[in-house]
Amino acid sequence: MTAKYQLIQKDREQEGIDLDVIQPVVGPPAVDVTRLYRDQGLLTYDPGFMSTASCQSSITYIDGEAGVLEYRGYPIEQLAKEADYLEVVFLLLYGELPNRTQLHEFDDIITHHTMLNERLKEFFGGFHYDAHPMAIMVGVVGSLSAFYHDSLDINSPRHREISAHRLIAKIPTIAAASYKHNVGEPIVYPDNELSYCGNLLHMMFATPCEPYHPNPIAVEAMNLLFILHADHEQNASTSTVRLAGSSLANPFACIAAGIASLWGPAHGGANEAVLEMLTEIGDVSNIDKYIAKAKDKNDPFRLMGFGHRVYKNYDPRANILREMCKKVLTELADNNNPLFELALKLEEIALEDEYFVKRKLYPNVDFYSGIIYRALNIPNNMFTVMFAIARTVGWVSHWMEMMSDPLQRIGRPRQVYTGPPRRDFVSLNRRS
Ligand code: CMC
């Protein structure tokens with residue numbers, strides 16, 4: 001639905017420009033500026049996309065002021081409480097919750113795509129023993145495109161769907177193999193009897209010498225974490241996937257680009273950074289010192305796991321995770337409780353501090369996810385990899401949505417040029 005919006009140009013004697021306004025199902029309306037340059041020779045300027053909707057999407061809705069997150073209309077709290085991760089994967093990918101038969105068939109498809117081509121496994125040997133697993137992920141996921149020439153026609157809906165299934169199914173296998181490479185253990189094959197999350201734990205922690213039975217609490221916690229991380233509308237990595245995909249690049253290359261973007265500490269790398277920060281703070285008695293550092297504009301230190309571009313209220317995912325954090329630490333009798341106590345105290349102090357209150361800086365999803373992963377014995381450098389596994393369905397769903405949109409065109413932002421104006425070339429011997 002569109003309405004008209006009048007933009008008054010101050011330097012053109014109050015001349016008005018009529019622009020369409022796009023009304024979403026919920027959320028703020030968007031002024032359509034697509035014809036502004038062609039019709040008026042004007043650009044819009046919005047670094048960091050503070051006020052820019054880059055696309056229309058029917059996948060995820062966030063109300064940052066109210067702390068609301070919904071996948072395909074379903075509140076995250078309900079999905080977190082009731083759903084299995086693969087049900088959420090189906091929901092994000094196809095738009096509706098699966099019935100029993102659909103879920104069974106989907107589970108079967110994903111389960112039967114979990115193996116890697118044996119040649120692909122040789123890629124891991126090319127990485128240094130201490131390579132960061134995210135570096136391995138970027139390389140190996142991108143190279144999947146070299147294995148599936150037969151189904152890489154991005155104009156074919158069926159090929160797109162097969163690629164989506166392959167990515168969702170194989171990413172845990174690649175992730176577990178990157179961990180095994182790090183610790184010098186043999187790569188473990190998937191076990192088709194296990195659930196998506198149970199199989200990931202199996203591939204990470206089983207060895208050929210000993211049987212491994214995933215702990216049900218660990219599986220439950222991972223299922224929850226994966227649901228909460230599955231999608232988050234147009235975040236940096238999803239926008240990266242869309243931009244890469246807009247040039248009609250293949251889906252494996254696009255998802256590799258998304259993984260690279262997720263790696264940064266301002267995005268998915270924050271869960272790893274939170275644990276490093278808590279370890280550095282070390283003790284409740286040091287909290288005041290670190291809060292002061294976070295507030296000091298001359299100090300690059302930030303409270304990791306705090307703040308969000310969209311949420312100006314509690315991140316609903318952090319609320320859910322805080323409870324799971326307590327449960328995991330209690331039930332797995334983990335010895336990490338001091339870190340959790342430290343996190344709780346840090347949260348309490350920050351939430352009462354004027355600096356954080358004024359800027360609406362609340363704990364985000366990553367504040368607690370790292371503590372849970374640590375309790376599941378997942379090493380710090382694998383935290384962002386876990387996020388990447390869970391987010392793959394979000395990336396793939398956005399890529400599928402974009403590719404089936406008849407209006408899709410290459411993403412090509414413009415700029416406000418600030419360099420030197422035109423000048424003549426000076427030959428080398430005349431330069432001072
Ligand atoms: N610690 C201290 N000050 C902060 C923090 C923080 N974590 N986050 C924001 N601020 C301050 C910032 O200095 C600025 O202050 P001022 O207005 O005086 O200049 C104000 O709050 C607004 O911050 P911003 O950087 O303009 O906000 P943004 O929307 O561009 O950045 C963010 C959002 C998430 C990158 C940022 O809050 C941050 O760096 N947080 C820590 C990293 C983190 O936890 N990231 C995970 C995000 S959630 C998961 C995900 O998306 O992957």
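Everything numeric in this text was worked out from a predicted model, so none of it was measured.

J.: Can you tell me about a positive patch on the surface, naming the residues and giving the values?
T.: A cluster of basic side chains, namely Lys297, Arg302, Lys358 and Arg359, defines a positive patch on the protein surface. Structurally, the position occupied by lysine 297 is in the loop between α13 (287–295) and α14 (316–331). For lysine 297, a relative accessible area of 62% translates into the label exposed.

J.: With reference to specific residues and values, describe unusual backbone geometry.
T.: Look at phenylalanine 49: it is not a glycine, yet its phi comes out positive at around 50°. Along the chain, phenylalanine 49 turns up in the loop between α1 (36–40) and β4 (60–63). Residues other than glycine seldom take positive phi values, yet leucine 248 does so here, at roughly 70°. Here leucine 248 shows up in the loop between α10 (236–246) and α11 (251–262). Residue leucine 248 is classed as partly exposed on the basis of its relative accessible area of 45%.

J.: Would you mind going over α11 in detail, with residue names and values included?
T.: Under the 1.5 Å per step criterion, the end-to-end length of α11 is 16 Å for 12 residues, consistent within 8% with the ideal 16 Å. Within the sequence span of α11, burial applies to Pro251, Phe252, Cys254, Ile255, Ala256, Gly258, Ile259 and Leu262. Summarising the contacts, the buried residues of α11 are in contact with α6 (133–143), α7 (157–183), α10 and α18 (383–403). Sitting at the amino-terminal end of α11 is asparagine 250, which places a side-chain oxygen 2.9 Å from the backbone nitrogen of phenylalanine 252.

J.: Describe the site of the ligand, with residues and values.
T.: In the vicinity of the ligand there are 22 residues, among which His267, Lys297, Leu303, Gly305 and Arg309 approach most closely. Between the ligand and tyrosine 355, the relevant distance is 2.9 Å, taken from a nitrogen atom to a side-chain nitrogen or oxygen of the residue. Between the ligand and the protein, one listed contact pairs an oxygen atom with a side-chain N or O atom of asparagine 364 at 2.9 Å. Out of a free accessible area of 950 Å², the ligand has 75% covered by protein chains. Here the shell around the ligand is composed, by residue class, of 11 nonpolar, six polar and five charged.

J.: Hey, could you go over the sheet that holds strand β6 (residues 74–75) for me, with residue numbers and the actual values?
T.: Sheet strands line up and pair through hydrogen bonds in the backbone, either parallel or antiparallel. Pairing in this open sheet of three strands is antiparallel, and the strands run β4-β5-β6 from one edge to the other. Sheet topology places β4 and β6 at the edges, where each strand pairs with a single neighbour.

J.: Describe empty space enclosed by the protein, with residues and values.
T.: As enumerated under the stated definition, the model contains one cavity of 30 Å³ or more in all. The computed volume of the largest cavity comes to approximately 40 Å³. Surrounding the largest cavity, Met115, Leu116, Glu118, Lys121, Thr173, Ile187, Val188, Tyr189 and Pro190 form its lining. In terms of residue class, the lining of the largest cavity is built from six nonpolar, one polar and two charged.

J.: Quick rundown of the UniProt feature "active site" (unreviewed entry) in the protein? Include the residues and the values.
T.: In this numbering, the UniProt entry assigns the feature "active site" (unreviewed entry) to His308 and Asp366. These annotated residues cover 59 residues of sequence, but their C-alpha atoms sit close together, with the largest distance between any two at 10.6 Å. With respect to the element layout, histidine 308 can be found in the loop between α13 and α14. Ignoring any residue separated from it by four or fewer positions in sequence, one finds histidine 308 in contact with His232 and Arg317. Among the polar contacts made by the side chain of histidine 308, one reaches the main-chain amide nitrogen of valine 310 at a distance of 2.9 Å. Turning to its location among the elements, aspartate 366 is positioned in helix α17 (residues 365–375). Given the relative accessible area of 4%, aspartate 366 is considered buried.

J.: Kindly report on α13, identifying the contributing residues and their values.
T.: Since the α-helix turns once every 3.6 residues, residues separated by three or four places project in the same direction. What α13 keeps buried is the set Ile287, Tyr290, Ile291 and Ala294. Projected down its long axis, α13 carries its buried residues within an arc of 105°, all on one side. Structural note: α13 exposes Asp288 and Lys289 on the side pointing more than 90 degrees away from its buried face.

J.: Report on the pairing of β4, specifying residues and quantitative values.
T.: Going residue by residue along β4, you find Thr60 and Ile62 tucked away on one face and Tyr61 and Asp63 left uncovered on the opposite face. Bridge analysis of β4 against strand β5 (residues 68–71) gives four bridges, and the strand direction is antiparallel. Considered in β5, the bridge of isoleucine 62 is made with leucine 69. Hairpin geometry of β4 and β5 is characterised by an intervening segment of four residues between the two adjacent antiparallel strands and by a positive phi of about 70° at glycine 67.

J.: Before we move on, could you go through the pairing of β5 and cite the residues and values that matter?
T.: Burial of β5 is one-sided: the residues Leu69 and Tyr71 facing one way are buried, the residues Val68 and Glu70 facing the other way are not. Note that β5 and β6 share two bridges and pair antiparallel. Opposite tyrosine 71, over in β6, you have tyrosine 74 as the bridge partner. The antiparallel hairpin formed by β5 and β6 contains two residues in its connecting segment, where arginine 72 sits at a positive phi of about 50°.

How each quantity is defined
- Residues numbered from 1 in each chain as written.
- Predicted model: local features only at pLDDT ≥ 70, side-chain atom pairs only at ≥ 80, totals over all residues.
- Heavy atoms only, no water.
- Patch = residues over 30% accessible without salt bridge, like charges linked within 9 Å, V, L, I, M, F, W, Y side chains within 5 Å.
- Areas by Shrake-Rupley, 256 points an atom, 1.4 Å probe, with all protein chains shown as cover.
- Salt bridge = Lys/Arg side-chain N within 4 Å of Asp/Glu carboxyl O.
- Lys, Arg positive; Asp, Glu negative; His and termini not counted.
- Charge placed at Lys NZ, Arg CZ, Asp CG, Glu CD.
- Helix = DSSP H or I, 4+ residues; strand = E, 2+ residues; numbered from the N terminus.
- Buried < 20%, exposed > 50% of the residue type's maximum accessible area, 1.4 Å probe, protein only.
- Expected span 1.5 Å × (residues − 1).
- Contact = heavy atoms within 4.5 Å.
- Polar contact = N/O pair within 3.5 Å; in protein donor to acceptor, adjacent residues only side chain to side chain.
- Near = heavy atom within 4 Å.
- Nonpolar A, V, L, I, M, F, W, Y, C, P; charged D, E, K, R; others polar.
- Pairing = 2+ DSSP bridges.
- 1 Å grid on protein atoms, 1.4 Å probe; cavity = no way out; pocket = protein on both sides within 12 Å on 5 of 7 lines; lining within 4 Å.
- Points joined across faces, edges and corners; volume = space filled by probe spheres on them.
- UniProt positions renumbered as here; feature names shortened; annotations may be inferred.
- Arc of directions from axis to C-beta.

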